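Chain and residue survey
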Amino acid sequence: MAMEKAASFLSSLLGGGEGSPEPAATVQSITVYPIKSCRGISVLQAAITSTGFRWDRHWMVVNTKGRAVTQRVEPTLALIQVELPPEAFAEDWQPTPDDHMVIRAPGMEPLKIPLASECATIYDVSVWEWSGSAYDEGPEAAEWFSTFFGNPTRLVRFKEESETRLTDPDYARGYKTMFSDGFPFLITSQGSLDALNGILKEAIPINRFRPNGGMPPICRGSVENNKNKQANISRCEVVRPLQGAYN
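We now turn to the structure provided with this report.

What counts, and where the lines are drawn
Residues numbered from 1 in each chain as written. Predicted model: local features only at pLDDT ≥ 70, side-chain atom pairs only at ≥ 80, totals over all residues. Heavy atoms only, no water. Helix = DSSP H or I, 4+ residues; strand = E, 2+ residues; numbered from the N terminus. Contact = heavy atoms within 4.5 Å. Core = buried A, V, L, I, M, F, W, Y, C linked by side-chain atoms within 4.5 Å. Buried < 20%, exposed > 50% of the residue type's maximum accessible area, 1.4 Å probe, protein only. Lys, Arg positive; Asp, Glu negative; His and termini not counted. Salt bridge = Lys/Arg side-chain N within 4 Å of Asp/Glu carboxyl O. Polar contact = N/O pair within 3.5 Å; in protein donor to acceptor, adjacent residues only side chain to side chain.

**What to know about the environment of V69**
Assignment of secondary structure puts V69 in the loop between strand 6 (59-62) and strand 7 (81-83). For V69 and S37, which are 32 residues apart along the polypeptide, the C-alpha to C-alpha distance reads 8.1 Å. Ignoring anything within four residues of it in the chain, the contact list for V69 reads S37, V61, V62, N63, E74, L77 and T153.

Okay, structure coming up:
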């Protein structure tokens, strides 16, 4: 049912089929952020799930109280680079015990996180209004992040099997997400960025806002590659105006 709902959601946003109007926008970029608040991965395609793009905000760094650590309190998260196997973004791909997420940061040895391994569960993990359980990626990851930040921290993974994080019903009733700031798909527009840069003393790039997609209008929804390797949006609706950067 979850995937059917996601498909229905996409159908209301994406062009396709006879009689469809001309696309109102063309997606300019797709970015997935495996670890909340760390650097994103620019991709040509990304599998769509009921919680957003696959692997997006799937992991999160937490403090000793289990609370999310974001760039708002730890700006050096922006220095952490994340790599996934290129095939991880293909539809229906499943990780094997040999597949890893590789994490890099200045002055640190690379950290490898297995994509197919059993992890212990920790409780009282929280991000904004949500709290629940998550998988703990273990002592090696905890030591790596604690050393980098100089404070005790751990890396956790969203526990899809038992946890559900619903979106704000005032804006997107009935949808769910993982560790994003609020919605399955975070999308902004080049036009909005151009307008902002027009009043700033120094222009900033679009990645400051950490969107999953960039396109001409600000849109609600998601993007999906068609046969021409482009994603078209035929109907756009503002869910909530962008306020600061998403993490």
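**A closer look at the nonpolar core**
Of all hydrophobic cores here, the largest spans 36 residues; its most connected members are I35, W55, I80, M101, I103, F145 and L155. Contributions of two or more residues to this core are made by strand 2 (29-32), strand 3 (41-43), strand 6, strand 8 (100-104), strand 9 (111-114) and helix 2 (139-149). Per-element accounting of this core gives the leading share, 5 residues, to helix 2. Not counting residues within four places of it along the chain, the set of residues in contact with L155 comprises I35, W59, M60, V61, I103, I113, Y135, D136, E137, A141 and F145. Core analysis: the next-biggest nonpolar cluster, separate from the first, contains 11 residues, M60, V62, A134 and F158 among them.

**Structural notes on the side chain of D99**
When you line up the elements, D99 lands in the loop between strand 7 and strand 8. Comment: no salt bridge for buried D99; closest opposite-charge side chain is R54, at 9.2 Å. Of the polar contacts made by the side chain of D99, one reaches the backbone nitrogen of T96; its length is 2.7 Å.

**Digging into unusual backbone geometry**
Within the chain, S37 stands out as a residue other than glycine whose phi angle is a positive 80°. For S37, the position within the fold is in the loop between strand 2 and strand 3. Looking at S37, the relative accessible area reads 0%, which means it is buried. The backbone phi angle of D124 is positive, close to 60°, even though this residue is not glycine. Residue position: D124 is located in strand 10 (residues 120-127).

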